[in-house]
Amino acid sequence: MSFAEQYQVYWDAIQRRACGVCLDAADEGSCGHPLGRTCALPSELPAIIEAILQVKSDRMDDYVAAIEAAVCARCPEQDGDGVCRRRDRADCGLYTYLPLVVDAIEEVKGGLDCR
């Protein structure tokens, strides 16, 4: 399986788990974000996957720290002090649905490890 195919497998799992319950999803299941706003899930997919795969923990706090370091730290929504109004308002899909994203990635990883 190529690297791009592996990303697609992860993305498919994330869409089933997180995008399927996202409050911004349109009725037919597509992303319903307003124009000019991008969801971090597809736009930061490689960084999200790599950050989560580096964590070996049963604690969600460890996954949160990894995502904040790998993705949030370079997000234009976060200020120099590490404050993100979108994250604080639960208006960031990645942050809001992170437990589901972690579950999806770990599920795919488990399946890939069994091959």
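Residues numbered from 1 in each chain as written. Predicted model: local features only at pLDDT ≥ 70, side-chain atom pairs only at ≥ 80, totals over all residues. Heavy atoms only, no water.

(A) Highlighting the overall build of the protein. Counting its regular elements, the protein contains 7 helices and 0 strands. Each helix and strand of the protein, placed in order from N terminus to C terminus, yields the pattern α-α-α-α-α-α-α. The buried share among the 115 residues of the protein stands at 35%. For the protein, the accessible surface area stands at approximately 7,000 Å², while carbon and sulfur atoms represent 51% of it. (Helix = DSSP H or I, 4+ residues; strand = E, 2+ residues; numbered from the N terminus. Buried < 20%, exposed > 50% of the residue type's maximum accessible area, 1.4 Å probe, protein only. Areas by Shrake-Rupley, 256 points an atom, 1.4 Å probe, with all protein chains shown as cover.)

(B) Molecular detail of helix H3 (residues 45–54). Among the 10 residues of H3, 7 are classified as buried, and the element is accordingly described as predominantly covered. Among the residues of H3, Leu45, Ala47, Ile48, Ile49, Ala51, Ile52 and Leu53 are the ones counted as buried.

(C) Summary view of the packing of aromatic side chains. The tally for this structure, following the rule as stated, stands at 0 aromatic pairs. The side chain of Arg87 reaches across the aromatic face of Tyr95, ending 5.4 Å from its centre. (Phe/Tyr/Trp six-rings, centres within 6.5 Å; stacked < 30°, edge-to-face > 60°. Lys NZ or Arg CZ within 6 Å of the ring centre and 35° of its normal.)

(D) The arrangement of the nonpolar core in detail. Judged by nonpolar contacts, the single largest core of 33 residues is most densely connected at Ile14, Ile48, Ile52, Ile67, Leu94, Val101 and Ile105. Every element with two or more residues in this core is listed here: helix H1 (3–17), helix H2 (40–43), H3, helix H4 (60–70) and helix H7 (98–113). If you tally residues by element for this core, the top one is H3, at 7 residues. In this structure, Ile67 is in contact with Ile48, Ala51, Ile52, Cys72, Leu94 and Leu98, ignoring residues within four places of it in sequence. (Core = buried A, V, L, I, M, F, W, Y, C linked by side-chain atoms within 4.5 Å. Contact = heavy atoms within 4.5 Å.)

(E) Geometry of the side chain of Gln78. If you trace the backbone, Gln78 turns up in the loop between H4 and helix H5 (85–88). Within the local environment of Gln78, its side chain forms a polar contact with the backbone oxygen of Cys72, the two atoms lying 3.4 Å apart. Setting aside residues no more than four positions away along its own chain, Gln78 makes contact with Cys72, Ala73, Val83, Cys84 and Arg87. (Polar contact = N/O pair within 3.5 Å; in protein donor to acceptor, adjacent residues only side chain to side chain.)

(F) Spotlight on the pattern of salt bridges. If you walk through the whole model with that rule in mind, you get 9 salt bridges. A salt bridge links Asp91 to Arg86; the nearest nitrogen and oxygen atoms lie 3.8 Å apart. According to the relative accessible area criterion, Arg86 is buried, its value standing at 18%. (Salt bridge = Lys/Arg side-chain N within 4 Å of Asp/Glu carboxyl O.)

(G) Inspection of unusual backbone geometry at higher detail. Although it is not a glycine, Ala90 adopts a positive phi angle of roughly 55°. Topologically, Ala90 is positioned in the loop between H5 and helix H6 (93–96). Overall, Ala90 belongs to the exposed group, its relative accessible area being 53%.

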